[in-house]
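Chains, contacts and geometry: an overview
Spelled out, the chains give:
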Amino acid sequence: MSLLEINGLTRRFGGLIAVNDFNIDLGEHELVALIGPNGAGKTTVFNLISGFYQPSEGSIKLKGKDTKGLRPHQVTALGVARTFQGIRLWGEMHVLDNIRIAQHYRLGYSLLDCFLRTKNYVHREKAIDAIAWELLEAMDLKDVAYELPRNLPYGVQRRVEIARAMSVKPSLLLLDEPAAGLNSSDVEGLIKLVRWIYDNFPVTIWMIEHQMKVVMSLCTRIKVIDFGTTIADGSPDEIQKNHAVIKAYLGDDTI
Amino acid sequence: MQKHTVTIGVFALIALIAVLAQFNVLDAYYVSVLMFMGVNIILATSLNLVNGYMGEFSCGHGGFMCVGAYVSSLCTVLMFSKNAILGAPLLPPSMTFIGFPLALLVGSFAAAIAGLVVAIPSFKTRGDYLAIITLAANYIVISAINNMEIIGGPRGFMGMSATEVGMKSVLDIPWVLIFTMLGTLGSVWLLRRFVSSTLGKGVSAISQDEIAAEIMSVDTNRMKLIAFMLSSGLAGLAGGLYAHILGYVNPQSFDIMRSTEIMVMVYLGGMGSLSGAALAAVLFTVLMEALRFLDVWKWVVIPLLLILLMQFRPEGLMGNKELADLFPKLRKFYSFK
Amino acid sequence: MEIFQHILNALQFGSFYALIALGYTLVYGVLRLINFAHGDIFMVGAYIAYFVAVTLLGIGGLHLGMDMHPALALAITVPATMILTALVGVALERTMYRPLRRKGANRLYVVITALMAGLMLENGNLALLGASRKRFPDLLEKVVWDLGGGVSVTNLKVIVIVAAIAVFLLLQFIVTRTKIGMAMRGISYDKFAIPLMGIPLDTIIVFTFILGSSMAGLAGILFAMSYPILEPYMGALIGWKAFIAAVVGGIGDIRGAIVGGFLLGFIEIGVVAVFPSTLRDLFAFSVLLIILWLRPTGIFGVAQTTKI
């Protein structure tokens, strides 16, 4: 069974068609890219998947379950985590808390447990802590666990955001322009990190990215959209040669 | 043992105050100031959950306090004193020990339900518009009670002192003082446990980035519901205690002026700091008494102080730090689970 | 026929709310600041009008020994009050809001400052002038026009309603048709880009406060003439109500202030016509609450879209 199945997804904002008849079928454990010129509707696709927008038409199925009408936190609970184009960490809470809170959907204790500090509460908080520390350690963030995100360099903030997404234990990880604003050594680090996540976790990674270096060195499959419509879908080699893609990026040369 | 120093200290302090009050070392004036201090601590810390931790601007806390005050008063008056509605008291004075805390609980519960008036619209709206809703809620509560002749309308409602008389008839110690101190302790303890849990930190996540919170699996509507209801419920508890301290309530004492006072305490102490709010409540109560000689000018001086605070130290006395953050050595003396 | 009388009353009350709501909405529209002191500026306006009027009539105030004809006194009182009230508003902006704005302080701190400034005005007045109420002198000879069928209208009522509508048209013109209005709208979108475009930010903001406060001053005179008893807390309740009216209309939108103000006037008079008058506030606030539940951004308000 496929992990994510999108059929005929369309989203209109007033008269503007941001996403038009978008289809994709992602299996378990894939590394895929979504590319396209600015304003092509890429982020809108991610927003639709995470439940931030509701589709105008079409369906999104996660592990066979239609996500229609689900609120974003419910979609996340199904195993979809994401990062944001501009970093959206909770800036006034330290990194450890940022990673703890993203486990909200599987807290496993009630408000009453919280007030009474029951055995269940203590046990669950310990488990949450353990997962958070494990991730911090694995992603080389242990030293900044008690730092506030806004005091960290941009590259580290990106890593924290990815760590936060991973603490959801996602089966689908959506990365929205993870390399944006990074310098070249940070980009190298990012490529390594994504590769490492892909190798160590049973997760399908789907990224929007403009830096072709990142896309070409990581992804096995690339989908290209322009003006909300899919114009190409294939392996990196195929995409590089695709005429429609070149036209979308560089313009029509047959004037 | 050292880890429990603070806990033991707090209980010892409560016992000491009770004993001092019992033997009239503390006269009635100081006792009443102490009780209002407790009520103010509950009000400031509970409003801080919404205005500080959640970053909303609720300016109708007095309304929820009012609901709690009236509902719990109604309960105790029906149970323990002669009243216009049922006539004779329902229960004998010895039952006050169960009846009084129960009435406080019912009052808090009612206030929490009233909190829904604000909590439900908060799903869709934030900031300035939500502030207006809290304001309108405050006015609605006050004018609703003004129009209920059966509980005295604008003239107020009394008969709550029968409860303390009942308790004292069994054992003559300052019961209301003791209940107020325990209530204060309980509220702060409840709030502390909530905001320090991963569950409760979801509230701060909403304040810092609501969209990120929702997308990173925090059920923001549920968190708002919990925060608003917990906050208004505790305001209700404060109201219930307040009513039984005075033995008399009228709707005007819960109007927008009261809500403003509570806000002053929160912003004086620092948003997002429980110990800050509690300290500010203590300071504010003392200040109100100390400035009594200024008479009408008191309410010129206090706003001026707050204006200066906003200009020169807008984060309040404590910012979002707790006492233990400023004095890490304190941690040695308490263990907080 | 009774209904026409109620409509006239509602229009009069609505006019007061609308005039005050306009001040809230102007400042909010430009600065995104709830100027909680505005209701008290209205109160200050009424008191200024009182002192100017009694001085001119020679029955109190500064005792300059003047003995002016009431009509002439009125003609001077109106502009004098508007100017002096505008000065109060500008003083607040200069001493309290601007320093905070310069520091780039959180919006909340400015709101609290405004709330506290309002308290200071109220209680400062109480402390300086005492709790005794002031009676506003009669400046206008009352004329009652009988419209037939038991409906009558006083000249004052007509003046109030006409003033509210005229002020609305004037402000609407300034905001939508003039350069300074365009700058005001610009600031509400981007406070940082405006100075870069060579527009003097502070001047525009001061102008906004002048407009809003002078309208509150006008409302103060008209209110004092209609209900000639002044007390320090008169601005609090009517101010809060006008503010809620502005929000229900959609705060930041001038049409919203007018619609919200008149709506509140009609609800209140409607309630009083049917129920005991003690229920007025309860109903008025409940209806407003329901409107905000259904349309969280008010009648003319536009929901802010969030992008991620």
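Residues numbered from 1 in each chain as written. Chains lettered and ligands numbered in written order. Predicted model: local features only at pLDDT ≥ 70, side-chain atom pairs only at ≥ 80, totals over all residues. Heavy atoms only, no water.

1. Observations regarding the overall build of chain B
Each helix and strand in chain B was counted, giving 15 helices and two strands. For 337 residues, the compact-globule estimate of 2.2 N^0.38 gives 20 Å, and the C-alpha radius of gyration of chain B, at 20 Å, lies within 12% of that figure. Projecting the C-alpha coordinates of chain B onto the three principal axes gives extents of approximately 55 × 50 × 45 Å. Out of the 337 residues belonging to chain B, those deemed buried represent 61%. Of the contacts formed within chain B by residues at least 6 apart in sequence, a portion of 78% connects residues at least 24 apart. About 12,900 Å² of surface is accessible on chain B, with carbon and sulfur atoms providing 72% of the total. For chain B, the centre of its 20 positive side-chain charges and the centre of its 17 negative side-chain charges are spaced 9 Å apart. (Helix = DSSP H or I, 4+ residues; strand = E, 2+ residues; numbered from the N terminus. Rg over C-alpha atoms; globule rule 2.2 N^0.38 Å. Buried < 20%, exposed > 50% of the residue type's maximum accessible area, 1.4 Å probe, protein only. Contact = heavy atoms within 4.5 Å. Areas by Shrake-Rupley, 256 points an atom, 1.4 Å probe, with all protein chains shown as cover. Lys, Arg positive; Asp, Glu negative; His and termini not counted. Charge placed at Lys NZ, Arg CZ, Asp CG, Glu CD.)

2. Digging into the packing of aromatic side chains
Counted under the stated rule, the structure contains 29 aromatic pairs over all chains. Ring centres 5.4 Å apart and planes at 65 degrees place the aromatic pair A:F46 and A:W206 in the edge-to-face group. Here A:F46 is found in helix α1 (residues 42-49), whereas its partner A:W206 is found in strand β8 (residues 204-208), with 160 residues between them in sequence. Between B:F97 and B:W175, the ring centres sit 4.8 Å apart and the planes meet at 75 degrees, which makes this aromatic pair edge-to-face. Here B:W175 lies in helix α8 (residues 175-196) and B:F97 lies in helix α4 (residues 96-114), a separation of 78 residues in the sequence. Linked through ring pairs, B:F57, B:Y267, C:Y24, C:F36, C:W240 and C:F243 together constitute an aromatic cluster. Its guanidinium or amino end placed over the ring of A:F22, A:K223 lies 5.1 Å from that ring's centre, counting from NZ or CZ. (Phe/Tyr/Trp six-rings, centres within 6.5 Å; stacked < 30°, edge-to-face > 60°. Lys NZ or Arg CZ within 6 Å of the ring centre and 35° of its normal.)

3. Quick look at the state of the cysteines
Applying the stated rule across the entire model yields zero disulfides over all chains. Unpaired in this structure, B:C66 has its nearest cysteine sulfur neighbour in B:C75, at a distance of 14 Å. (Disulfide = S-S within 2.5 Å.)

4. Focus on the nonpolar core
Residues B:F57, B:F194 and C:F243 are the most contacted members of the largest nonpolar core, which totals 278 residues. The contact partners of B:F57, leaving out residues within four places of it in the chain, are B:N51, B:A131, B:T134, B:M263, B:Y267, C:F36, C:L108, C:V111 and C:I112. Counting residues in hydrophobic clusters, the runner-up holds 27 residues, among them A:I6, A:F22, A:I60 and A:L70. (Core = buried A, V, L, I, M, F, W, Y, C linked by side-chain atoms within 4.5 Å.)

5. Thoughts on the interface of chain B and chain C
Listed per partner, the contact involves 40 residues of chain B and 46 residues of chain C. Run the count over chain B and chain C and you get zero salt bridges. Applying the counting criterion to the chain B and chain C interface returns seven residue pairs in polar contact (both at pLDDT 80 or more). Contributing elements (two or more residues each) for the side of chain B that touches chain C: α5 (116-119), α6 (127-146), α10 (210-215), α12 (256-269) and α14 (298-312) of chain B. Top element by residues in the side of chain B that touches chain C is α6(B). It accounts for 10 residues. Classifying every residue of the side of chain B that touches chain C gives 32 nonpolar, five polar and three charged. (Salt bridge = Lys/Arg side-chain N within 4 Å of Asp/Glu carboxyl O. Polar contact = N/O pair within 3.5 Å; in protein donor to acceptor, adjacent residues only side chain to side chain. Nonpolar A, V, L, I, M, F, W, Y, C, P; charged D, E, K, R; others polar.)

6. Topic: empty space enclosed by the protein
Residues and elements named next belong to chain A. For the structure shown, the criterion picks out one cavity of 30 Å³ or more. Considered as a void within the structure, the largest cavity measures approximately 60 Å³ in volume. What lines the largest cavity is L48, G51, Y53, Q54, P55, G58, S59, I60, D66, T67 and K68. With three residues, the single largest contributor to the lining of the largest cavity is strand β4 (residues 57-62). Grouping the constituent residues of the lining of the largest cavity by class yields four nonpolar, five polar and two charged. (1 Å grid on protein atoms, 1.4 Å probe; cavity = no way out; pocket = protein on both sides within 12 Å on 5 of 7 lines; lining within 4 Å. Points joined across faces, edges and corners; volume = space filled by probe spheres on them.)

7. Some words on the pairing of strand β3 (residues 151-154) of chain C
In the sheet, strand β2 (residues 144-148) of chain C pairs with β3(C) via four bridges, with the strands oriented antiparallel. Across the sheet, the residue bridging to C:G148 is C:V151, located in β3(C). (Pairing = 2+ DSSP bridges.)

8. Comments concerning helix α2 (residues 28-53) of chain B
All names here are of chain B. Taking 1.5 Å of rise per residue, the 26 residues of α2 would be expected to cover 38 Å, and the 36 Å separating its terminal C-alpha atoms lies within 8% of that figure. The sharpest bend along α2 comes to roughly 35 degrees, located at L47. Counting buried positions over the 26 residues of α2 gives 20, a clear majority of the element. Trailing α2 by a residue or two, G55 shows a phi angle of about 70 degrees, which is positive. (Expected span 1.5 Å × (residues − 1). Bend = angle between axes of the 7 residues up to and from the residue.)

9. Looking at the sheet that holds β8(A)
Residue and element names in this part refer to chain A. Ordered in space as β6-β7-β8-β3-β9-β10, the six strands form an open sheet in which the pairing is mixed. What marks the edges here is a single partner per strand, and that holds for β6 (80-82) and β10 (229-234). Recorded for the sheet is a direction-independent mean angle of 20 degrees between the axes of neighbouring strands. Where strand β3 (residues 31-35) meets strand β9 (residues 221-226), four bridges bridge the pair, whose relative direction is parallel. (Axes fitted to C-alpha atoms, helices over the stretch in contact; angles between N-to-C directions.)

10. Things to note about the pattern of salt bridges
Side chains bearing opposite charge may pair, as long as their charged atoms lie close to each other. In this structure the tally under the stated criterion is 30 salt bridges over all chains. Linking A:K142 and A:E137 is a salt bridge whose minimum nitrogen-to-oxygen distance equals 3.4 Å. Each of C:E93, C:R98, C:R101, C:R102 and C:D202 takes part in salt bridges that share partners, so that together they form one network.

11. Re the packing of helix α2 (residues 38-57) of chain C against helix α9 (residues 234-249) of chain C
Residues and elements named next belong to chain C. α9 packs onto α2 with a crossing angle of 135 degrees between their chain directions and a minimal axis gap of 7 Å. It follows that α2 is oblique to α9 by the angle criterion. Note on packing geometry: the crossing formed by α2 with α9 is right-handed. Residues G39, D40, F42, M43, A46 and Y47 of α2 form the contact with α9, whose participating residues are M234, G235, A236, I238 and G239. Of the residues assigned to the contact of α2 with α9, the class counts are seven nonpolar, three polar and one charged. (Parallel < 35°, antiparallel > 145°, perpendicular 65-115°, else oblique. Left-handed = near helix turned anticlockwise from the far one by under 90°.)

12. Some thoughts on the sheet that holds strand β1 (residues 4-13) of chain A
Whenever strands of a sheet pair, they do so through backbone hydrogen bonds, lying parallel or antiparallel. All names here are of chain A. If you trace the four strands from one edge of the open sheet to the other, you get β2-β1-β4-β5, paired in antiparallel fashion. Among the strands making up the open sheet, the edge pair consists of β2 (16-26) and β5 (65-66). In the sheet, β1 pairs with β4 via five bridges, with the strands oriented antiparallel. Among the inter-strand pairings, E5 is bridged to a residue of β4, identified as K61.

13. So, the side chain of B:T184
All names here are of chain B. Considering the arrangement of structural elements, one finds T184 in helix α8. T184 sits in the buried class, given a relative accessible area of 9%. Reaching out from T184, the side chain makes a polar contact with the backbone oxygen of T180 at a distance of 2.7 Å. Excluding residues within four positions of it along the chain, T184 makes contact with G38, V39, I41 and I42.

14. A word on the packing of α2(C) against helix α8 (residues 201-226) of chain C
Residues and elements named next belong to chain C. Look at α2 against α8: their axes get within 7 Å of each other, and the N-to-C directions meet at 55 degrees. Viewed along their axes, α2 and α8 adopt a mutual orientation that is oblique. For the pair α2 and α8, the sense of crossing is right-handed. Of the residues in α8, those in contact with H38, I41, F42, G45, A46 and A49 of α2 are G212, S213, A216, G217, A219, G220, I221, F223 and A224. Of the residues that constitute the contact of α2 with α8, the class distribution is nine nonpolar, six polar and no charged.

15. Concerning a nonpolar patch on the surface
Together, B:I85, B:L86, B:L90, B:L91, B:M95, B:I98, B:L102, B:L105, B:M148 and B:I150 line one region of the surface with nonpolar side chains, adding up to about 950 Å² of accessible area. With respect to the secondary-structure elements, B:L86 resides in the loop between α3 (61-80) and α4. (Patch = residues over 30% accessible without salt bridge, like charges linked within 9 Å, V, L, I, M, F, W, Y side chains within 5 Å.)

16. Considering unusual backbone geometry
In this model, A:R117 sits at a positive phi of 50 degrees, which is unusual for a non-glycine residue. Positionally, A:R117 belongs in the loop between α4 (111-116) and α5 (119-138). Classification of A:R117 by relative accessible area gives buried; the value is 7%. One non-glycine residue, B:S217, lies in positive phi territory at about 80 degrees.

17. Section: the confidence of the model for chain B
Looking at chain B as a whole, the pLDDT averages 90, with 99% of positions reaching at least 70. Mean pLDDT across the secondary structure elements of chain B bottoms out at helix α15 (residues 323-326) of chain B, with 80, and peaks at helix α11 (residues 220-246) of chain B, with 97. (pLDDT = per-residue confidence, 0-100.)

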